[in-house]
Each structure stands twice: as C-alpha cells, then as structure tokens.
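# Chains, contacts and geometry: an overview
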Amino acid sequence: MKFHSTTSIQLTKEQQNRNIWLTIIIGLIIVFVAQGISILPGTYIKNTGVQEVYNLFANLFVILIVILFCKFFQKRTLSSLGFKDKHIISKIFTGIILSITFLMTVLLVNLLAGSVELTSNLTAVNLVYVLAAFLAYFPQGLMEEIVCRGFIMNSLSAKYNVWIGLIVNSLIFAILHGINPDTTPLALFNLFLAGILLSTIFYLTDNILFVGAFHAVWNFMLGPVFGVKVSGLSVYSSLFKTTLLPEQSLINGGNFGFEGGLGLTISIFIAFTIIFLFIKIRDKQTKN
C-alpha cells in the first residue's frame, strides 16, 4: 500500500528546519520533564481518585509545552500537527463513537472466548470520578497523539516517507508504554499494533483531534467503564467489574489488562481489515 503525503505532512516538510533525530530526542526529553513538573502537585493529593484525575488533566501543560517546542524550535504551525478548524465537534464525536465500537469488540472477543466475567459495579462506583475521568482522559489521549503522531510521525514522514514515520513512531509509542508494570512480549507487540492503528487513523483523517478522541475513549472504556487496567495501570473506580480469569491470561492480558492479550490482537486485525476495505472503496471511487 502506497501512502502519499497528507496536508499536515506536507506542511511539516515545508516548515521544519532542524536535524530530525536530534529534534525527536530533545522533544522527548522535554516531554518527560514537562510531565514530571506537571504531576508534582499531584503527589500532595491524598485522595487516589482526585489524584488520578489531576494527573490526567495535567497533560494540558504537556500539550502546551510540546506545541511551543514545535512552534519555536521546529518553526511549525498547529496545522502541521494535524489541528483542523473545521467540523471540530463532528470529528471528535465520530472518534468517540468509533472508539466505543472498537473497545466493545475487544470486550466481545474476550466474552466469546470465555476469558472474562463481567458484572455491574453501579452500587459501588464513584460516578463523580467516572464523569471527571471521562473529561480528563481527553488531555491525556490528545497529548500522546500530539507527541507520537503530530510531532514524531509527521516529522519522520516529512523527512523520509509515511511508512518510516508510521513504523518508527509506533515503536516509540510501544516502548514508552512498555515501561509500565506487568508488561509482556505480547503486550509490547499489541502496543506496537495499537500505535500502527492510531497512526493509520491519523493518516486517513489528518486530524489530531479525531485520533485524540479515539485514544482518550479507548483508555476511558478500558478503565472507568470496564474496570480493566489501562496499559498495566489500575483505575480508581469503574461502572463494571471485569474479572480476568487467570487461566485465560493469554486471551485477556492478565495483569497488564486487555492490551496484553490476544483479544486485543484479534480486534486490531479486524479493524485493519475494515480500514483496508475502506481504503480500497475510497480509491476505487476516486479513480471513477
């Protein structure tokens, strides 16, 4: 499959004027420092749920720092990062719906495989936390998409080609998440596939808010909805309680959560199949 430059990639090619690898290294260091600074006040919050929500919202500071870095160091505009000023609400809403559909597929695969038991947790759930978490996951998901897709993927795609940008940024995405607790080889592979999926969505839409919403709701559905660990990290409260059966950890991901199991692997390949068919139909319509 041949990928052509999108509008944001072409803008990045025209605007960036620094050594690409040095830029990425400096940029990632700045991200880590900004994250450390932003979550520091959270260490003084005693309530676990409030602290978790604060840490998610703290990504707004990281987003600002990354945008400023791209603007003043790379000389790039917001458009080169995939920000669009048209149909913002509809794009975000579409990203939310597609993400819910995808995560329901992941859950369904696990249920059909008999690897989980799902029960309601409505009598014990903290609904204020769930609502706050829904809003807070958007800065967190958008931050990761700006860093990995808008910044790294577009920078590499503009310098080399889209395949290089897609694969390398997905490897970095997997490594950054792979430092979380209880990571397994399958979890790392799934994280890489997730990076490829998110990168493909960003490429097709050329809209960072679309893929940011998809990523945010992915995490929200796993944690505060299903009650499953998000990349190995537990959440404070959830609408449902999903018990991952130990003897089926290869399917359900075990201690890492769904992202470490074959249930996610299968769901991602289903998504790839649908995307491939969509591309074929779109290309056929374009030719006609």
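Structure: above.
What counts as what
Residues numbered from 1 in each chain as written. Predicted model: local features only at pLDDT ≥ 70, side-chain atom pairs only at ≥ 80, totals over all residues. Heavy atoms only, no water. Helix = DSSP H or I, 4+ residues; strand = E, 2+ residues; numbered from the N terminus. Rg over C-alpha atoms; globule rule 2.2 N^0.38 Å. Buried < 20%, exposed > 50% of the residue type's maximum accessible area, 1.4 Å probe, protein only. Contact = heavy atoms within 4.5 Å. Areas by Shrake-Rupley, 256 points an atom, 1.4 Å probe, with all protein chains shown as cover. Phe/Tyr/Trp six-rings, centres within 6.5 Å; stacked < 30°, edge-to-face > 60°. Axes fitted to C-alpha atoms, helices over the stretch in contact; angles between N-to-C directions. Parallel < 35°, antiparallel > 145°, perpendicular 65-115°, else oblique. Left-handed = near helix turned anticlockwise from the far one by under 90°. Nonpolar A, V, L, I, M, F, W, Y, C, P; charged D, E, K, R; others polar.

A count of helical and extended segments in the protein gives 11 helices and 2 strands. For the protein, the succession of helices and strands along the chain, N to C, is α-α-α-α-α-β-α-α-α-α-β-α-α. Expected size for 288 residues packed as a compact globule is a radius of gyration near 19 Å; at 19 Å, the protein falls within 12% of this value. Seen through its C-alpha atoms, the protein measures out along the principal axes to roughly 55 × 50 × 35 Å. Relative to its full complement of 288 residues, the protein shows a buried share of 51%. Residue pairs at least 24 apart in sequence account for 79% of intrachain contacts in the protein once pairs closer than 6 positions are excluded. In the structure as shown, the protein presents an accessible area of about 13,900 Å², 69% of it carried by carbon and sulfur atoms.

Each aromatic ring pair is summarised here by two numbers: the centre-to-centre distance and the angle between the ring planes. With the rule as written, the count across this model stands at 14 aromatic pairs. On the numbers, 6.2 Å between centres and 40° between planes, the contact of F102 with F214 is tilted. Separated by 112 residues along the polypeptide, F102 in helix α5 (residues 88–112) and F214 in helix α9 (residues 208–225) bring together distant segments of the chain. The same class applies to F102 and to F214, which are both buried. Each member of the aromatic cluster is reached from another via a ring pair, and the members are F134, Y137, F138 and F220.

Take the packing of helix α2 (residues 20–39) against helix α4 (residues 59–72) next. One way to put it is that α2 packs onto α4 with a least axis distance of 9 Å and a crossing angle of 150°. Classed by the angle they form, the pair α2 and α4 counts as roughly antiparallel. Relative to α4, the crossing made by α2 is right-handed. Contacts between α2 and α4 involve T23, I26, G27, I30, V31, A34, Q35, I37 and S38 from the first element and N59, F61, V62, I65, V66 and F69 from the second. Taken together, the residues that form the contact of α2 with α4 break down as 10 nonpolar, 5 polar and no charged.

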